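Given next are the chains, with one letter for each unit.
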Amino acid sequence: MKMYEKAPAKINLMLDVLHKRPDGFHEVEMIMTMVDLADRLELSEMPRDSIIISSQAGYIPLDEKNLAFQAARLIKDRYDVKSGVHIHLDKRIPVAAGLAGGSSDAAATLRGLNRLWGLDIPTQELLALGAELGSDVPFCITGGTALATGRGEKLTPIGSPPQCWVVLAKPPINVSTAEVYGRLRSSIIGVHPSSLLMRKAIEEGDFQDVCDKLGNVLEEVTLKLHPEVQQLKEAMIKLGADGVLMSGSGPTVFGLVSKQSKVARIYNGLRGFCKEVYAVRMLT
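None of the values given here were measured: they were computed from a predicted structure.

The rules behind each value
Residues numbered from 1 in each chain as written. Predicted model: local features only at pLDDT ≥ 70, side-chain atom pairs only at ≥ 80, totals over all residues. Heavy atoms only, no water. Pairing = 2+ DSSP bridges. Helix = DSSP H or I, 4+ residues; strand = E, 2+ residues; numbered from the N terminus. Axes fitted to C-alpha atoms, helices over the stretch in contact; angles between N-to-C directions. Contact = heavy atoms within 4.5 Å. Disulfide = S-S within 2.5 Å. Buried < 20%, exposed > 50% of the residue type's maximum accessible area, 1.4 Å probe, protein only. Expected span 1.5 Å × (residues − 1). Core = buried A, V, L, I, M, F, W, Y, C linked by side-chain atoms within 4.5 Å.

J.: Mind showing me how you'd approach the sheet that holds strand S10 (residues 253-257) here?
T.: Working definition: the strands of a sheet are paired by backbone hydrogen bonds and lie parallel or antiparallel to each other. Across the sheet, which stays open at both edges, the four strands sit in the order S9-S10-S7-S11 with antiparallel pairing between neighbours. Two strands in the sheet have a free side with no partner beyond their single neighbour: strand S9 (243-246) and strand S11 (276-281). Taken over all neighbouring pairs, the strand axes of this sheet differ in orientation by 20 degrees on average, direction set aside. On top of the sheet, helix H9 (residues 227-238) reaches strand S7 (165-170), S9 and S10; it is set at about 15 degrees to S10, its chief contact. Each of S7, S10 and S11 is contacted by helix H10 (residues 260-270), which is oriented at about 5 degrees to S7, the strand it contacts most.

Encoded structure:
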């Protein structure tokens, strides 16, 4: 028996950090949505009690370091499942990119194994499992567009942003989320983006206002560590993207584009800066 799951990438339309919590995590406010760049998972039940991960990508771990592996082990242990599973990851989302590729794979694994093994785990319980694996996993389970608070696991669904093209560009560097948060000093953040104003822009369907309200306080850290991310932002703006922001802790930069006629010019212009460039639509 096999199950197939799609694991889309997410982007942060706004990301604010309020303060560091006693548990070591940061209190955040984020508005996230998903785009049509996705990994695809094939989950096959095996009679022997083991977890096997495979992938066409030669650059990801295929053992317990992989979040999909961790998700499978968690669900097996929690619900005493004796069957095994072979998970094949068809990787399309860049890794260590600020696009939640690993978290989305974990979320797809939880959803797929819930179906494959007939566990009938309620959504809220599945979200709690996801939160044990990572702050972005609960959002990746539900998808859509949401305000995320707490450490990112408390979700309030909101309306879909105005439909547009999204051009994503990842420079050939990897960024450590832990390092970026570790270097952030929330007490000296200059400008805090507003989740209220972004939510209002989304609910009113005002594309230009969505572009105007984009903001990510983690840029203050990542852009200093990696000047090429700043250069990529500036290039995307010059090429005509309507709104430009770094996603998550980076280094991927995305541009929102209303007119299809602009997309090819922006895409081709960015290929001079980096190889990993994608032109996709929002998933709404």
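J.: I tried to follow the state of the cysteines on my own but got confused; where do I start?
T.: One covalent bond between the sulfur atoms of two cysteine residues makes up a disulfide. With the rule as written, the count across this model stands at zero disulfides. The structure places no disulfide on Cys 140, whose sulfur is separated from the nearest cysteine sulfur, that of Cys 164, by 19 Å. The exposure class of Cys 140 is buried, given its relative accessible area of 2%. Cys 164 supplies the cysteine sulfur nearest to Cys 274, a cysteine that is in no disulfide, at a spacing of 19 Å. A relative accessible area of 4% means that Cys 274 is categorised as buried.

J.: Just to check I follow, could you spell out helix H2 (residues 101-116) for this structure?
T.: Taking 1.5 Å of rise per residue, 16 residues should cover 22 Å, and H2 covers 22 Å from first to last C-alpha, within 8% of that figure. Judged by how many residues are buried, H2 sits mostly within the fold: 14 of 16 residues are covered. Within two residues after H2, Gly 118 carries a phi angle of roughly 55 degrees, on the positive side.

J.: Even after reading the chapter, I still don't get the environment of Pro 227, so can you show me in this structure?
T.: For Pro 227, the location among the structural elements is in helix H9. In this structure, the C-alpha to C-alpha distance between Pro 227 and Leu 41, residues 186 residues apart in sequence, is 35 Å.

J.: Would you take a moment to explain unusual backbone geometry for this structure?
T.: Note: most peptide bonds trans; most residues except glycine with negative phi. Cis rather than trans, the peptide bond between Gly 250 and Pro 251 has omega equal to 5 degrees. Of note, Ala 100 is a non-glycine position whose phi angle comes to about 60 degrees, a positive value. Along the chain, the position of Ala 100 falls in the loop between strand S4 (84-90) and H2. Exposure remark for Ala 100: the relative accessible area of 12% places this residue in the buried category. Phi is positive for Asp 120, which is not a glycine, with a value near 55 degrees. Tracing the backbone shows Asp 120 in the loop between H2 and helix H3 (123-133). When its relative accessible area of 67% is taken as the criterion, Asp 120 is described as exposed.

J.: Is there a simple way to explain the nonpolar core in this structure?
T.: Side chains of nonpolar character tend, in soluble globular proteins, to be buried together. The biggest cluster of nonpolar side chains holds 71 residues, and the ones touching the most others in it are Val 17, Val 85, Leu 110 and Leu 270. Counting residues in hydrophobic clusters, the runner-up holds 27 residues, among them Leu 37, Leu 168, Ile 202 and Val 210.

J.: Help me out: how do you make sense of the pairing of strand S1 (residues 2-20) in this one?
T.: Within a regular beta strand, the side chains point alternately toward one face of the sheet and then the other, so they alternate between its two faces. Direction of pairing for S1 relative to strand S2 (residues 26-46): antiparallel, over a ladder of 17 bridges. Residue pairing for S2: Leu 15 is matched across the bridge by Met 30. Taken together, S1 and the strand that follows it, S2, pair antiparallel across an intervening segment of five residues, in which Gly 24 is found at a positive phi of about 95 degrees. Note that S1 and strand S8 (residues 215-216) share two bridges and pair parallel. Within S8, the residue paired with Met 14 across the bridge is Gly 215.

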